[in-house]
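Notes for the structure review
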Amino acid sequence: MSSDTRDRILDALEAMLIEHGLTKVTLDSVAAAAGVSKGGLLYHFKTKDALIAAMVRRLGAQADQQRADAAAGGTSVAEWYLQPPDSISEKEIALYRSTLAALRSVDGNSGEVQDAVTEMMRLWDEGLRTEIDDPVQAEIIRRVGDGIYLGALLDLPGVDPDLHRQVVDRLLGR
C-alpha cells in the first residue's frame, strides 16, 4: 500500500472527526470512508489508537511546516506560538478538538495518542527554549500561547488585536 493510501485513510479520519466526532469513528467506518478494505486500513494502522496517533503526528508535522514557513518569513518561534486566534484555521481547530476528545477518551491512561500529543508539544517547547535564553520566560510564553490556543478551541471571546500585540511585544521584550 502506498503513502497515498495512508494519507487517504488519515484524510477520511479527519473528515469523520470534524463531521461526526470521535464516537462515530470505528476502523470499519474509516476504512469505508477512505475506500479501502479493513485489512488495508489495518496494514497501516493496527488499532484505532494507532490511527488517531498518526493523525496527531501528521497535524504536528503540518504545524512544524507552518512554523518553518513562518521562520523563513522572519517570524520567531515565540511569535508563531503567540499568533492571534484569528490566524488559526477552522479546520485546525476542529481537528484539535477531536484530538482533545481522543485524549479524554483514554481517561489518563498513557497510550499512543497521548504519547503523540506529548511528543508534539515537547518539540514545540524545545523550540521555544532554544530561542529564549531565560527558561522562565520561555515557559511563560508557552503557557500564554497554550491559553491563546485554548481560547480559540473553546471559541471564547477574542482579545482586542491591539492588546494582543501589546502582550506579545511585552513577552518578547520589545
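See the structure shown above.
Here is a short report on the structure shown in this document.

Rules used in this analysis
- Residues numbered from 1 in each chain as written.
- Predicted model: local features only at pLDDT ≥ 70, side-chain atom pairs only at ≥ 80, totals over all residues.
- Heavy atoms only, no water.
- Salt bridge = Lys/Arg side-chain N within 4 Å of Asp/Glu carboxyl O.
- Helix = DSSP H or I, 4+ residues; strand = E, 2+ residues; numbered from the N terminus.
- Buried < 20%, exposed > 50% of the residue type's maximum accessible area, 1.4 Å probe, protein only.
- Contact = heavy atoms within 4.5 Å.
- Patch = residues over 30% accessible without salt bridge, like charges linked within 9 Å, V, L, I, M, F, W, Y side chains within 5 Å.
- Areas by Shrake-Rupley, 256 points an atom, 1.4 Å probe, with all protein chains shown as cover.
- Axes fitted to C-alpha atoms, helices over the stretch in contact; angles between N-to-C directions.
- Parallel < 35°, antiparallel > 145°, perpendicular 65-115°, else oblique.
- Nonpolar A, V, L, I, M, F, W, Y, C, P; charged D, E, K, R; others polar.
- Left-handed = near helix turned anticlockwise from the far one by under 90°.
- Expected span 1.5 Å × (residues − 1).

Summed over the entire model, instances satisfying the criterion amount to 16 salt bridges. Among the salt bridges present, the one from Asp 28 reaches Lys 38, with a minimum N-O distance of 3.6 Å. Pair noted here: Asp 28 is in helix H2 (residues 27-34) and Lys 38 is in helix H3 (residues 38-44), with a separation of 10 residues, a long-range link. For Asp 125, the salt bridge goes to Arg 129, with nearest N and O atoms at 3.1 Å. Separated by four residues within a single helix, Asp 125 and Arg 129 lie in helix H7 (residues 112-131), roughly one turn from each other. Owing to a relative accessible area of 18%, Asp 125 belongs among the buried residues under this scheme. Among the charged side chains, a salt-bridge network with shared partners connects Asp 125, Arg 129, Glu 139, Arg 142, Arg 143 and Asp 146.

Moving on, we come to the environment of Gln 166. Among the structural elements, Gln 166 can be located in helix H9 (residues 161-171). Residue classification places Gln 166 among the exposed positions, given a relative accessible area of 53%. Residues Gln 166 and Leu 59, spaced 107 residues apart in sequence, show a C-alpha to C-alpha distance of 29 Å.

So, on to the side chain of Arg 142. Position of Arg 142 among the secondary structure elements: in helix H8 (residues 135-153). With relative accessibility at 17%, the residue Arg 142 sits in the buried group. When neighbours within four sequence positions are excluded, Arg 142 is seen to be in contact with Tyr 81, Asp 125 and Leu 128.

A contiguous nonpolar patch, built from Leu 150, Leu 154 and Leu 156 and spanning about 290 Å² of accessible area, is present on the exposed surface. Take Leu 154: it is sitting in the loop between H8 and H9.

All right, on to the packing of helix H1 (residues 3-20) against helix H4 (residues 48-72) then. Running from N to C, H1 and H4 cross one another at 95 degrees; their axes reach a closest spacing of 10 Å. Taken together, the axes of H1 and H4 are roughly perpendicular relative to one another. On H4, the residues that touch Arg 6, Asp 7, Ile 9, Leu 10, Asp 11, Leu 13, Glu 14 and Leu 17 of H1 are Leu 51, Ile 52, Ala 54, Met 55, Arg 58 and Leu 59. Residue composition of the contact of H1 with H4, grouped by class: nine nonpolar, no polar and five charged.

To continue, consider the packing of H4 against H7. Where H4 contacts H7, the axes come no closer than 8 Å and their chain directions differ by 15 degrees. On the basis of their axis angle, the class for H4 and H7 is roughly parallel. For the pair H4 and H7, the sense of crossing is right-handed. Where H4 approaches H7, its residues Asp 49, Ala 50, Ile 52, Ala 53, Val 56, Arg 57, Leu 59, Gly 60, Ala 63 and Asp 64 are matched on the opposing element by Glu 112, Val 113, Ala 116, Val 117, Met 120 and Trp 124. A breakdown of the residues in the contact of H4 with H7 according to their chemical character gives 11 nonpolar, one polar and four charged.

Turning our eyes to something else, we now look at H1. Taking 1.5 Å as the rise per residue, H1 with 18 residues should run 26 Å; its terminal C-alpha atoms sit 25 Å apart, in good agreement. Residues of H1 that are buried include every one of Thr 5, Ile 9, Leu 10, Ala 12, Leu 13, Glu 14, Met 16 and Leu 17, and no others. At the exit of H1 stands Gly 21, carrying a positive phi of roughly 85 degrees.

That's the geometry; what it means functionally is another story.
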